[in-house]
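Report on the structure
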Amino acid sequence: MLQEESDLALIIAQIVQKLKGSNLYAQLERQAWASLQRPEIKLESLKEDIKEFFKISGWEKKLQNAVYSELSVFPLPSHPAAPPEHLKEPLVYMRKAQGSWEKRILKSLNSMCTELSIPLAQKRPVGEQKELLNKWNEMGTDEPDLSLFRPVYAPKDFLEVLINLRNPNYENGDSHSFRTHLGLIQVPLKVKDIPELKEFFVELGLTAGQLGIDDSTQVPPELFENEHVRIGQKVLSEQDSAAAQQYIRQGSPTALRAELWALILNISSQPEDVKLTASNDDYYFVFEDYLYQVLLCFSRDTSVLGHFAYNSASPPKSYIRGKLGLEEYAVFYPPNGVIPFHGFSMYVAPLCFLYHEPSKLYQIFREMYVRFFFRLHSISSHPSGIVSLCLLFETLLQTYLPQLFYHLREIGAQPLRISFKWMVRAFSGYLATDQLLLLWDRILGYNSLEILAVLAAAVFAFRAVNLMEVTSLAAAEAVLADLSTLKVMPLLQIFLFATVT
């Protein structure tokens, strides 16, 4: 009990410290000073009166949402004496693997710069700055020639690194456990089984109404949809982040989604002071200008560096010429510390359907990245980290579809080699956009990426009959090449709640 209390005290102290540097803190301070002029504020009951004023004026709700937002990304409590790297990643071998992967990425980036005789960073000449400003809203049509540049890495390169991960304290010689022997991921992490997933995703059960199922044309709207929309409007009027997160577990109505996501991510309607006004995927090419703008600003946004406190990765450092090794002359490159990989823009593209005001689009993407997406391309033991997702996917498939798993393994078509790219991109560019947004509703609702692994396993289960017929990796990939017709929620419900366990 005492330990729990000290953990709570530590979390409160750290959140207070974090919020003290925020814009909200300054606003609350100003409001508190201004309230002293009000007749209902008495000196003898000053503290209680100001608290009551905050409650009535809505500032208490804003503070609650800010605290809730901090708790959503807060690392699990650790010993007060634990070094900072333990907050980033508690397992030493994971930290080492992430460190050596970062060195590889940096080496690839530096060698490409050397080959092309291009400096990593230099200030734009004034003429070029003016030209960029003039073409700011047409960046997609007037793009530079990038044919000589290659992606720093692709998801399949990253997968090879994960396959070779080993815990040095868990070597049993040749006597590997049966499960470890069959899957590509061979590190012992705790992942949920189906009974635990059923409990965790209880709101997705067969008896609960779901957008993505119960809003189809065959179901009368009065049975679920109308009431769900009404509750959603009430949640928005209350401006309560926690209530919005709970509500969205059953899916968000299309008309309310943009506001609900912003509320859950605690993004205010105040525009940020950011100069903002697709990839090859056919769904998103119309948003190419937005993608250039958002990713250009993101790469230079130093506020993103804050997430490295709880990310197993570390931002790459560069030193001013002639000052190698002197920390005061160290700079991060890129300024946000994130080196993008092939397909990175697919984290932004779906958000373009929801947010047409560029500043809001940017803030939502940045918050989605520092809460969720960074975990999909860094090596860690976190339950939402890509290593755990891969292991969860393989374990689900091997446990509940053993014949299929064994068949694919025997023909050299390890399932993870096919599903990895889906999970790394959070299924963006693979599912139809309406289905992808329903999936991302649940990521936000459960503050977890585990649903990606469950969906990947559910896709294999859905196509199991065809997959049992294939005799090569190429044939298996062909069966799973097009996911654009799949309906996410029925697949998840059938896999989780209609599978015999």
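No experiment lies behind these values; they were computed from the predicted model shown.

Attention now goes to the overall build of the protein chain. Of regular secondary structure, the protein chain possesses 23 helices and two strands. For the protein chain, the proportion of its 501 residues judged to be buried stands at 47%. Here the protein chain displays about 25900 Å² of accessible surface, and carbon together with sulfur accounts for 57% of that area.

This part takes up the packing of helix 14 (residues 288-299) against helix 15 (residues 358-371). Across the interface, helix 14 lies against helix 15 with an axial gap of 10 Å and an inter-helix angle of 55 degrees. Relative to helix 15, the element helix 14 is oriented oblique. Between helix 14 and helix 15 the crossing geometry is right-handed. Contacts between helix 14 and helix 15 involve Tyr 290, Val 294, Leu 295, Cys 297 and Phe 298 from the former and Pro 358, Leu 361, Tyr 362, Phe 365, Arg 366 and Tyr 369 from the latter.

Locating His 228 in the fold gives a position in helix 11 (residues 225-238). You can call His 228 buried: its relative accessible area is 4%. Apart from residues lying up to four places away in sequence, His 228 is in contact with Leu 211, Tyr 247, Gln 250, Gly 251 and Pro 253.

With that out of the way, let us pick up the environment of Ser 100. Summarising the element assignment, Ser 100 is placed in helix 6 (residues 92-116). Exposure remark for Ser 100: the relative accessible area of 42% places this residue in the partly exposed category. Each C-alpha atom of the pair Ser 100 and Val 161 lies 9.8 Å from the other, and the pair is 61 residues apart in sequence. Among the polar contacts made by the side chain of Ser 100, one reaches the main-chain carbonyl oxygen of Ala 97 at a distance of 3.1 Å.

Running from amino to carboxyl end, helix 2 (residues 23-35) crosses helix 4 (residues 59-73) at an angle of 160 degrees, the nearest separation of the two axes being 11 Å. Judged by the inter-axis angle, helix 2 sits roughly antiparallel to helix 4. The hand of the helix 2/helix 4 crossing is left-handed. Facing Leu 24, Gln 27, Leu 28 and Gln 31 of helix 2, the residues of helix 4 in contact are Trp 59, Lys 62, Leu 63 and Ala 66.

The next thing to look at is the pattern of salt bridges. Counting across every chain of the model gives 11 salt bridges. In this structure, Glu 203 and Arg 249 form a salt bridge, with 3.1 Å as the shortest nitrogen-oxygen distance. Separated by 46 residues along the polypeptide, Glu 203 in the loop between helix 10 (194-200) and helix 11 and Arg 249 in the loop between helix 12 (241-247) and helix 13 (257-264) bring together distant segments of the chain. Residue Glu 203 is classed as buried on the basis of its relative accessible area of 16%. Salt-bridge contacts for Glu 410 lead to Arg 409; the nearest nitrogen and oxygen are separated by 3.3 Å. Here Glu 410 falls in the partly exposed class, since its relative accessible area comes to 49%.

A few words now on the packing of aromatic side chains. The tally for this structure, following the rule as stated, stands at 23 aromatic pairs. Ring centres of Phe 344 and Phe 365 lie 6.5 Å apart, and the angle between their planes is 90 degrees; on these two criteria the pair is classed as edge-to-face. Of the two residues, Phe 344 is situated in the loop between strand 2 (330-332) and helix 15 and Phe 365 in helix 15; the sequence distance between them amounts to 21 residues. Note on accessibility: Phe 344 and Phe 365 belong to one class, buried. The interplanar angle of 65 degrees and the centroid separation of 5.4 Å between the aromatic rings of Phe 393 and Phe 460 together place this pair among those described as edge-to-face. Note that Phe 393 is positioned in helix 16 (residues 386-400) and Phe 460 in helix 20 (residues 450-462), a separation of 67 residues in sequence. As far as burial versus exposure is concerned, Phe 393 and Phe 460 are alike and both buried. An aromatic cluster is defined as three or more aromatic residues linked by ring pairs; in this entry it consists of Trp 101, Tyr 153, Phe 158, Phe 298, Phe 341, Phe 344, Tyr 347, Phe 365, Tyr 369, Phe 373, Phe 420 and Trp 440. Between Lys 192 and the ring centre of Phe 200, over which it is positioned, the NZ or CZ distance is 4.5 Å.

What follows is about the environment of Leu 392. Tracing the chain through its elements places Leu 392 in helix 16. With 61 residues separating them in the primary sequence, Leu 392 and Ala 453 have C-alpha atoms 6.3 Å apart. Once residues lying within four places of it in the same chain are set aside, the contact partners of Leu 392 are Val 191, Lys 192, Leu 197, Glu 450 and Ala 453.

Looking at the protein chain, the pLDDT average stands at 85 and 88% of residues meet or exceed 70. Highest mean pLDDT in the protein chain belongs to helix 20 (98); lowest belongs to helix 9 (residues 178-182) (55). Every residue in residues 273-285 scores below 50 in pLDDT, and together they form 45 contacts with partners more than four places removed in sequence or on other chains.

With that settled, the discussion passes to unusual backbone geometry. Between Tyr 333 and Pro 334 the backbone carries a cis peptide bond, its omega angle lying at -5 degrees. Mapped onto the elements of the fold, Pro 334 is located in the loop between strand 2 and helix 15. One non-glycine residue, Ser 117, lies in the positive phi region at around 55 degrees. Looking at where Ser 117 falls in the secondary structure, it is placed in the loop between helix 6 and helix 7 (126-134). For Asn 266, which is not glycine, the phi dihedral falls at a positive 60 degrees.

Thresholds, definitions, all that
- Residues numbered from 1 in each chain as written.
- Predicted model: local features only at pLDDT ≥ 70, side-chain atom pairs only at ≥ 80, totals over all residues.
- Heavy atoms only, no water.
- Helix = DSSP H or I, 4+ residues; strand = E, 2+ residues; numbered from the N terminus.
- Buried < 20%, exposed > 50% of the residue type's maximum accessible area, 1.4 Å probe, protein only.
- Areas by Shrake-Rupley, 256 points an atom, 1.4 Å probe, with all protein chains shown as cover.
- Axes fitted to C-alpha atoms, helices over the stretch in contact; angles between N-to-C directions.
- Parallel < 35°, antiparallel > 145°, perpendicular 65-115°, else oblique.
- Left-handed = near helix turned anticlockwise from the far one by under 90°.
- Contact = heavy atoms within 4.5 Å.
- Polar contact = N/O pair within 3.5 Å; in protein donor to acceptor, adjacent residues only side chain to side chain.
- Salt bridge = Lys/Arg side-chain N within 4 Å of Asp/Glu carboxyl O.
- Phe/Tyr/Trp six-rings, centres within 6.5 Å; stacked < 30°, edge-to-face > 60°.
- Lys NZ or Arg CZ within 6 Å of the ring centre and 35° of its normal.
- pLDDT = per-residue confidence, 0-100.

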